[in-house]
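Residue strings, one per chain:
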Amino acid sequence: MSLKLCSINDIRGSEGGEAEGFLEGMKGVTKYETLLNTIIDAVSKRFENYCCREFEYQQNIEEYHSGTGENTFIIVQRPPISKVTSLHDDYNRVFGDDTLFDVDNYVAGEQTVDLKNFRFRKGIKNIKVVYDGGYTDATIPHDLRLAAIMQTVFIFQRRNDLGLTSLSGEGGSISVQFPMKLLPEVGEILQNYKIWRL
């Protein structure tokens, strides 16, 4: 299950709260809760697939990366990094204490672990990093939450138009966007969260 990148209350507003949600007039309406939850789950998973990553916070994530003999950093798959527990470089992939980097020899950024004055050795899956990373509900960035809200509302509003490709009227016809296709503004926001592989 993916981290829900927005909530029903973001969409319709909370029943006891003052503010309306993104869908005006839906505050307190429970009729569509199951459908909205399903759409939120689908949108959250769609965003993960598009960004080539998982968003939900997890501790002690083990990842293996290949060194080129030239690279001085690795890009983790579940940023932002909150803590690096260990970093190894072992051609034989035993990852014993003798291949462990001292914490003074690297620095963790939001998405990368950078070596200081070293290069990773050339090898296949010879680099092992153990770290905590990802988002909790409280730390989801505002623009990512907004993108999930916009895409969820778009799909919800188009729920009766499945399979429809155009609309015709007296003045002509217009093409209609497939509901699961990302809105252009959503795609722009998600570019900031994509994991770019080396």
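Preceding this section is the structure that the text describes.
Residues numbered from 1 in each chain as written. Predicted model: local features only at pLDDT ≥ 70, side-chain atom pairs only at ≥ 80, totals over all residues. Heavy atoms only, no water.

Attention shifts here to the overall build of the chain. Across its full length, the chain holds 4 helices and 8 strands. Taken from N to C terminus, the helices and strands of the chain fall in the order α-α-β-β-β-β-β-β-α-β-β-α. Relative to its 198 residues, the chain shows a buried fraction of 42%. Considering only intrachain contacts with a sequence separation of at least 6, the fraction spanning at least 24 residues in the chain is 73%. On the chain, roughly 11500 Å² of surface is accessible, and the fraction owed to carbon and sulfur atoms is 50%. (Helix = DSSP H or I, 4+ residues; strand = E, 2+ residues; numbered from the N terminus. Buried < 20%, exposed > 50% of the residue type's maximum accessible area, 1.4 Å probe, protein only. Contact = heavy atoms within 4.5 Å. Areas by Shrake-Rupley, 256 points an atom, 1.4 Å probe, with all protein chains shown as cover.)

A separate point is unusual backbone geometry. With an omega of 0 degrees, the peptide bond between Pro79 and Pro80 qualifies as cis. Looking at the secondary structure, you find Pro80 in the loop between β2 (73-75) and β3 (81-89). Of note in the backbone geometry, Arg93 takes a positive phi value of approximately 60 degrees without being a glycine. Position of Arg93 relative to the elements: it lies in the loop between β3 and β4 (106-108). Backbone geometry at Lys125 places phi at a positive 50 degrees, although glycine is not the residue there. With respect to the helices, strands and loops of the structure, Lys125 is situated in the loop between β5 (112-115) and β6 (127-133). A relative accessible area of 43% means that Lys125 is categorised as partly exposed.

Before going further, it helps to examine the environment of Gly13. Mapped onto the fold, Gly13 is located in the loop between α1 (8-12) and α2 (33-51). In this structure the C-alpha to C-alpha distance between Gly13 and Val29, which are 16 residues apart in sequence, comes to 9.3 Å.

In terms of nonpolar packing, the biggest core is built from 31 residues, with Leu5, Ile11, Phe47, Phe55, Leu144 and Val186 touching the most fellow members. At the level of elements, α1, α2, α3 (142-157) and α4 (184-190) are the ones that each hand at least two residues to this core. No other element matches the 9 residues that α3 contributes to this core. Residue contacts for Ile11: discarding those within four places in its chain leaves Cys6, Gly21, Phe22, Leu23, Leu36, Ile40, Ile149, Thr152 and Val153. (Core = buried A, V, L, I, M, F, W, Y, C linked by side-chain atoms within 4.5 Å.)

With that settled, consider the packing of aromatic side chains. For the structure on display, the rule yields 5 aromatic pairs. On the basis of an interplanar angle of 50 degrees and a centroid distance of 5.6 Å, the ring pair of Tyr64 and Phe95 is categorised as tilted. Pair noted here: Tyr64 is in strand β1 (residues 58-65) and Phe95 is in the loop between β3 and β4, with a separation of 31 residues, a long-range link. For Tyr64, a relative accessible area of 33% corresponds to the partly exposed category. One aromatic cluster is present, formed by Phe101, Phe118 and Phe120 through successive ring pairs. Over the face of the ring belonging to Tyr32 we find Arg159, whose NZ or CZ atom lies 4.8 Å from the ring centre. It is Arg159 that lies over the ring of Phe156; its NZ or CZ is 4.1 Å from the centre. (Phe/Tyr/Trp six-rings, centres within 6.5 Å; stacked < 30°, edge-to-face > 60°. Lys NZ or Arg CZ within 6 Å of the ring centre and 35° of its normal.)

Below, the discussion takes up the sheet that holds β4. On the basis of which strands lie adjacent, the open sheet formed by 3 strands has the order β2-β5-β4 and antiparallel pairing. Of all strands in the sheet, those bounded by a partner on one side alone are β2 and β4. On average, each strand axis in the sheet is inclined to that of its neighbour by 15 degrees, with strand direction left out of account. Relative to β5, β2 runs antiparallel, the two sharing 3 bridges. Bridge pairing in β5 places Phe73 opposite Asp114. (Pairing = 2+ DSSP bridges. Axes fitted to C-alpha atoms, helices over the stretch in contact; angles between N-to-C directions.)

This part is about α3. Quick reminder: α-helices carry 3.6 residues per turn. Residues three or four places apart thus point the same way. Relative to the 22 Å expected for 16 residues at 1.5 Å per residue, α3 spans 22 Å between its end C-alpha atoms, a close match to the ideal helical length. Most of α3 sits out of view: 12 of its 16 residues are buried. For α3, the set of buried residues is Leu144, Arg145, Ala147, Ala148, Ile149, Met150, Gln151, Thr152, Val153, Phe154, Ile155 and Phe156. Next to the buried residues of α3 lie α1, α2 and α4. (Expected span 1.5 Å × (residues − 1).)

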